[in-house]
Amino acid sequence: MIFSQSVAWADADDQEDQQPPAAAVTKPSQNPNTAVSTLPEVSVRSSRIREERVNPTQSITKLTSEDLERMQVSNVFDAVRGTPGVNIAGGPRLNGMAFNIRGYTETDVAVSVDGVIKNYDKYRSKGTYIEPDLLKSIEISRGPQISTNSGFLGGAVKTVTKDAEDFLLPGQTVGGRVKFGYGNNNDEYLRSYIAYARPHERIDLLYSYTNRQSNDITQGDGEKLANSQVGTVAELYKFTIIPIDSLRISTSLSKLVQSPTVQLYDTVTASLFTSSPYVLRAIDEETIAQTIQFTPDNRWINLKATLGIGHTKQDETLPFGWIGNTNHPASHCIGYTAYSNSTNLPLSPALSASRCRGDRLDAYNFKNKNLDIANIARVYESKDIKISLLTGLQYFKQERDLERSFGNPASTSVSQEPATGTQTTNSFYIQPEFRYKQLTITPGYRRDFITLKATGETKEMLEAANQAAEVNLREEIFNLGLTFEAIPRTVTLFTHYAQGFRVVPISVLWANSGRDSTRKLQSTSSCPTDGSSCDSIYKTQRVENTEAGLSYTTPNLFGQAIELHSKGTFFHSHTSNLIQESGLQDSMEIRNGFEFENSLYYRHFYMQASYSRMNGKIYYFNAKVSNHLYTIPGNSFNLVLGSKLGENWDVNLNYRHVQDRYYSADIPGPTSGVEVQSGYELFNAGIRWAPNKHMNFRLVGENLADKYYNLDGGFAGQLGLVAPGRNIKFYAEFIY
C-alpha cells in the first residue's frame, strides 16, 4: 500500500502554513491539469517544504519523476542504487537483476506496479520488468511494514505509473511527446512515444510506447558480455476518472515484451550449465491494476483499494543441435527418426522419440492476484490529543506453472524444475496511532491465513506417494513505533520494532529434483510420508527488526533560504528458521547497520547524499559454526550534486563508492569458504539543454572512468558478474 502509516494533523495555530487535511475535499480547478486531492502518502508539512523524498520517521525513500528524468536510467535497478541499504543482486542482464535490501535478496523484497505484486520465483532468473520511462515514482521501504504483503522480510519496492496530468503543459488538454535515445556501450537505441489528454477536468487519458534494442554489453576491460543484448517493447494504457470531487478511479495496463534472444540459462552467475548453457528466452509481462481512492469530507473515511493481476510468461527454447539438446553419440536424426551411425538403419520409435526430440520449449507461467483495501480514520482530535486508526484487508494469490514440450510430438514431456502449485494468503491488519502533544505511539497487529497447494503432476505424484499436497498456516505479527518531536517539525526522535515472516515456498516444500520412468518424485519429499502436515518439518521463517534514529528538517538553515533534510537510522535484524534450498533450517542470521540520508536545496542548487554501513553473521547451530553473511553488500556512499544554469540548462554529478564485500567461494553452508570482492568507485554525470518548452536534449555519462569492477552480488552470495564499462547516452525529446 502507498499509505503513510500516520495521519497528518495540523496544529490550529499553523493552518496557514499547512496543506489541507487528508479528508478535506479539494474542488476541481478550472485548470484541467490540476490534480484532484488523493489519499496522502506522506505527513502534511509546511508549504515551504518541497522535499518528500525522505520519510522523517520511517526507513522509506521515494524517488520522484524528477529524479528519474534527471538520471535517465535504462532500468529501475539503476534508479535505486543510491538509496541507503539498497543494492542490486544478479547480473547486468535485464532478467538477471534483483533487488537486495539490507542483505535480503529477491525472494524477501516485494515489488509492485500500481499496487499489484510482481514477484515470481524461477530458478536463477530473477527479473523485474518495469520500464522506468513509464513511472511517476519509486518508493523503497526497508524492513518489514505492517501494510506490506506478507512473506517479504527485507522490504518493498513500490512503483506508480504516470498520468496525463504529469505531462500536460499549462493550458493544454491534449499533448504528446517523442523521445529518441542512444547509448554507445551496447549500441542501445530507444524510441518512446507518449500521447495524453484531459478532454474533461474529470477524465485523464494516457498511452505510452517504448522500444529498446541493443547489442551485447561492453565491460570495463573492453570485453563483450556474451548474450546480454536487449530487445524490449513496453506499453502503458491508463484511464482515470474523477466522477465526484472525493472519488478517483484509475485503471492501468502495463505491458513489456522481450523478443527471443540468446541468453545464459543461468542468468545471474559467471558459471555455465554444462548440459544446456544457452537458451532462446522470450518474456511477456503484463500488469492490470484498478485503483479506487475515496476521500470524502468525513473523518472516518480515507479509503484506498487496489485490485490487480500480474502475469509473467517466459518461453525458453533449446533448439535441437545446441549443447544439451543434441544427437546421441551412436545415432543421428533425420527429421524425428533416429538412425544408427554404424548401420544407417532406423531405430525403434521409442529410441527415436528419445533421441530426436526436436526443439525443447519450457513455458513458464507466473500469475499474481491481489486485493488490497486500507482506510485511515481520524477517531478523535483535541488540542493536545489526536487518535487515528489504519485498518486493512489483503488477498494475495501466487501461481507457478511449467510446461515442457518438444518439437517431436512423440517425445515424453519430462520436467526437472521445482514443483508447481499455488499460495493463497488472506490477511487483515490494524494500526492505531495515539498522539499526545509531541509524542506519538503507533502499535500494530497483523494476522495472515495461508494455504499452500500443489497442482498438476506435482499433486498427482504427492498423492500417489501418500504425501501431503496441501498445507494450511496461520501467522501473526506485532509492530510498535514511538516518535517524539524534540523540536516540533524540526528535530524528531524515532524508534520502531517490526516483525515479519515468510512461509516455505512451494519449490522447497515439495522438493522435486527429477522424475523417474514412473513419473514419481525421485527425491524424498520435504513432507512426511504419512501425508501429515509439513509444519513439523519446516518452520516459518521469522524476522524481528528494530530501528532507532533522528531526523532534522528545516526550510531556513542558518536563517537563509536553504532547505535541509537529514536522517540517521540504526537497525538490528534477527532472522531465524532460515529457508534454504537444501532444507537446512537450524540456522540464524544477524544484521546490524547504519543508514544516513541527506537532501539540501538552495535556490537552483541541490545535493543528495546517502551512506549505508552493514555487517552480518549466519549461524549454523547443528555444525556449531558461524560465517559472514554472503548476501550483505559492501558499505556504500552516494553523492549527487546538481544545479539549474539559467533558464535552459541544468547539470548533475554523481559519485558512488562501494567498499569490499564478502562472498562465498562455494555453495553457502557450514563448510563453504570465504572470499573478498573488491570495492569500486563510479562517476556519472548529466547535462540537459532545453532551448524552448518543446525540446529537451540530454547527455548522460555512466562509469565515466571506465572502471572494471564486479556487481554487488551473484546468485547464492557468490562473486558478482563483471559490470558494464563506460556508457555515453544521448536523448532528444520533442514536446507537442
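Data block above holds the structure.
The model shown is predicted, which means the values in this text are computed figures rather than measured ones.

Tallied over the entire structure, the rule returns 32 salt bridges. Of the charged contacts in the structure, one is a salt bridge between R102 and E547, with a shortest N-O distance of 2.8 Å. Of this pair, R102 sits in the loop between β3 (97-101) and β4 (109-113) while E547 sits in strand β25 (residues 541-554), and the two are 445 residues apart along the sequence. In this structure R102 comes out as buried when scored by relative accessible area, which is 2%. Residue E547 is classed as buried on the basis of its relative accessible area, which comes to 5%. The closest approach of N and O atoms between D163 and R248, which form a salt bridge, is 4.0 Å. Of this pair, D163 sits in the loop between β7 (155-161) and β8 (174-183) while R248 sits in strand β14 (residues 247-264); the two residues are 85 residues apart in sequence, bridging distant segments of the chain. Look at D163 and you get buried, because its relative accessible area is 3%.

Summed over the entire model, instances satisfying the criterion amount to 15 aromatic pairs. Between F428 and Y445 the ring centres are 6.2 Å apart and the planes differ by 55 degrees, which places this aromatic pair in the tilted class. Of the two residues, F428 sits in strand β21 (residues 421-436) while Y445 sits in strand β22 (residues 439-454), which places them 17 residues apart along the sequence. A relative accessible area of 33% places F428 in the partly exposed class. Ring pairing ties together the aromatic residues W649, W689, F697 and F734, which thus form one cluster. When the ring centre of F571 is taken as reference, the NZ or CZ atom of R102 above it lies at 4.0 Å. Sitting above the plane of the Y104 ring, R591 keeps its charged end 3.6 Å from the centroid.

Moving on: the nonpolar core. Judged by nonpolar contacts, the single largest core of 20 residues is most densely connected at V76, V80, F99, I138 and I140. Tallying contributions element by element places helix α2 (residues 76-80) first for this core, with 4 residues. Ranked by size, the runner-up nonpolar core spans 17 residues in total, among them V471, L473, V503 and I579.

Unusually for a residue other than glycine, N344 sits at a positive phi of about 65 degrees. The residue N344 is located in the loop between β18 (337-340) and α3 (349-355) in this model. The phi angle at N577 is positive, at roughly 55 degrees, despite the residue not being glycine. Within the secondary structure, N577 sits in the loop between β26 (562-576) and β27 (587-602).

Turning our attention to the environment of G310. Of note, G310 is situated in strand β16 (residues 303-318). Sequence separation between G310 and N370 is 60 residues; the distance between their C-alpha atoms is 8.8 Å.

We now examine helix α4 (residues 456-464). Taken residue by residue, α4 has T458, M461 and L462 as its buried positions. The buried residues of α4 occupy one face: seen down the axis, they fall within an arc of 100 degrees. Opposite the buried face of α4, by more than 90 degrees, sit the exposed residues E460 and A464. On its buried face, α4 sits against β22. The positive-phi residue at the C-terminal boundary of α4 is N466, with phi of around 55 degrees.

Right, let's get into the state of the cysteines. Taken as a whole, this structure holds 1 disulfide when the rule is applied. Across the disulfide, C333 is cross-linked to C356 (sulfur-sulfur distance 1.9 Å). One disulfide, between C333 and C356, carries an S-S torsion of -95 degrees and so falls in the left-handed class. In this pair, C333 sits in strand β17 (residues 331-334) while C356 sits in the loop between α3 and β19 (360-381), placing the two residues 23 residues apart along the sequence. The class of C356 is buried, set by a relative accessible area of 1%.

So, about the side chain of D67. Within the secondary structure, D67 sits in helix α1 (residues 65-71). Overall, the relative accessible area of 6% leaves D67 in the buried class. For D67, the contacting residues outside a window of four places in its chain are R53, K62 and Q608.

This brings us to the sheet that holds strand β5 (residues 116-117). The strand order across the open sheet formed by 5 strands is β1-β6-β7-β4-β5, and the pairing between neighbours is mixed. Because the sheet does not close on itself, it has two edges, and the strands there are β1 (60-64) and β5. Pairing analysis gives 5 bridges linking β4 to β7, with the strands arranged parallel. Its bridge partner being in β7, V109 is matched across the sheet by G155.

Rules behind the numbers
- Residues numbered from 1 in each chain as written.
- Predicted model: local features only at pLDDT ≥ 70, side-chain atom pairs only at ≥ 80, totals over all residues.
- Heavy atoms only, no water.
- Salt bridge = Lys/Arg side-chain N within 4 Å of Asp/Glu carboxyl O.
- Helix = DSSP H or I, 4+ residues; strand = E, 2+ residues; numbered from the N terminus.
- Buried < 20%, exposed > 50% of the residue type's maximum accessible area, 1.4 Å probe, protein only.
- Phe/Tyr/Trp six-rings, centres within 6.5 Å; stacked < 30°, edge-to-face > 60°.
- Lys NZ or Arg CZ within 6 Å of the ring centre and 35° of its normal.
- Core = buried A, V, L, I, M, F, W, Y, C linked by side-chain atoms within 4.5 Å.
- Arc of directions from axis to C-beta.
- Contact = heavy atoms within 4.5 Å.
- Disulfide = S-S within 2.5 Å.
- Pairing = 2+ DSSP bridges.

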